[in-house]
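Next come the chains, spelled out residue by residue.
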Amino acid sequence: AQSVAQPEDQVNVAEGNPLTVKCTYSVSGNPYLFWYVQYPNRGLQFLLKYITGDNLVKGSYGFEAEFNKSQTSFHLKKPSALVSDSALYFCAVIRGNYGQNFVFGPGTRLSVLP
Amino acid sequence: DTAVSQTPKYLVTQMGNDKSIKCEQNLGHDTMYWYKQDSKKFLKIMFSYNNKELIINETVPNRFSPKSPDKAHLNLHINSLELGDSAVYFCASSRGQGAGQPQHFGDGTRLSIL
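Residues numbered from 1 in each chain as written. Chains lettered and ligands numbered in written order. Predicted model: local features only at pLDDT ≥ 70, side-chain atom pairs only at ≥ 80, totals over all residues. Heavy atoms only, no water.

Draft legend 1. Geometry of the environment of Gln37(B). Within the secondary structure, Gln37(B) is located in strand β4 (residues 31-37). For Gln37(B), a relative accessible area of 2% puts it in the buried group. Sequence separation between Gln37(B) and Ala87(B) is 50 residues; the distance between their C-alpha atoms is 5.9 Å. Setting aside residues no more than four positions away along its own chain, Gln37(B) makes contact with Gln38(A), Phe90(A), Phe42(B), Leu43(B), Ala87(B), Val88(B) and Phe90(B). A distance of 3.2 Å separates a polar atom in the side chain of Gln37(B) from the backbone oxygen of Lys41(B). (Helix = DSSP H or I, 4+ residues; strand = E, 2+ residues; numbered from the N terminus. Buried < 20%, exposed > 50% of the residue type's maximum accessible area, 1.4 Å probe, protein only. Contact = heavy atoms within 4.5 Å. Polar contact = N/O pair within 3.5 Å; in protein donor to acceptor, adjacent residues only side chain to side chain.)

Set out below in structure tokens:
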């Protein structure tokens, strides 16, 4: 069964420092992986996705993610964190052949400290 | 213009009542979804419709009944509300069912059962 894990409930980073939010996955077949961000009292917003191709995927707001097949990971990164990046981040994998049944990880709360 | 809009934003009601949540998207998407986010922020898909046809129906009590009058609308009706139904319900939409299509979320309906 497809699943994703986000091993950290909370990540704290100082403004201006690089940030990493971790995600590992378990799928049968080729993985379709996504990152979403949720700000307080808002719905999820799409950041980026990996379907095929380059292992480094660039997305919105300066975020990028690195797909690593051998480690079954898809970590979200940003070279320089902003206080406004503080939010809840979800990794997701598509389950099934019809392609739209998302399985979300439990979320990681990112706090960027000024 | 809001891409995916849900009404109401807040819903407070008594146990045993019947209530509906409406969702509309103006993105021209073919596929719509309902998700439930619990108090620990876990996000789980409930239903998915493609062109008014049900394609995903997760293990959800039959007190929950989705209705899609047209492909721009997906409403959720809940009968005999229970305490455990308290959660945030998110509507989302995507362009077709192809793997890799990101989903666009509404800002949620916060349902509280007294």
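Here the narrative resumes.
Draft legend 2. Seen up close, the pairing of strand β6 (residues 44-50) of chain A. Both strand β5 (residues 33-38) of chain A and β6(A) contribute to a ladder of six bridges, which runs antiparallel. Within the sheet, the bridge partner assigned to Leu33(A) lies in β6(A) and is Tyr50(A). (Pairing = 2+ DSSP bridges.)

Draft legend 3. Quick look at the pattern of salt bridges. Counted according to the given criterion, the structure contains seven salt bridges over all chains. The partner of Glu64(A) in a salt bridge is Lys58(A), with the nearest N and O atoms 2.9 Å apart. Lys58(A) sits in the exposed class, given a relative accessible area of 63%. Where Arg63(B) meets Asp85(B), a salt bridge forms, and the shortest distance between an N and an O atom there is 2.8 Å. Placement of Arg63(B) in the loop between β6 (53-57) and β7 (64-70) and of Asp85(B) in the loop between β8 (73-78) and β9 (87-94) is noted, with a sequence separation of 22 residues between them. By relative accessible area, which is 4% here, Asp85(B) ends up buried. Within the structure, one salt-bridge network assembled from shared partners comprises Arg63(B), Glu82(B) and Asp85(B). (Salt bridge = Lys/Arg side-chain N within 4 Å of Asp/Glu carboxyl O.)

Draft legend 4. Expanded view of the side chain of Gln6(A). Residue and element names in this part refer to chain A. With respect to the secondary-structure elements, Gln6 resides in the loop between β1 (3-5) and β2 (10-14). A polar contact of 3.1 Å, which involves the side chain of Gln6, links it to the side chain of Thr108. Residues within four places of Gln6 in sequence aside, it is in contact with Val21, Lys22, Trp35, Tyr89, Phe90, Cys91, Gly105, Pro106, Gly107 and Thr108.

Draft legend 5. Up close: the packing of aromatic side chains. On inspection of all chains with the given rule, the structure shows 19 aromatic pairs over all chains. With a centroid separation of 6.3 Å and an interplanar angle of 75°, the aromatic rings of Phe104(A) and Phe105(B) are classed as edge-to-face. With Phe104(A) in strand β11 (residues 101-104) and Phe105(B) in strand β10 (residues 104-105), the pair connects residues from two separate chains. The same class applies to Phe104(A) as to Phe105(B), namely buried. When the centroid spacing of 5.3 Å and the interplanar angle of 40° are considered together, the rings of Tyr35(B) and Phe105(B) count as tilted. (Phe/Tyr/Trp six-rings, centres within 6.5 Å; stacked < 30°, edge-to-face > 60°.)

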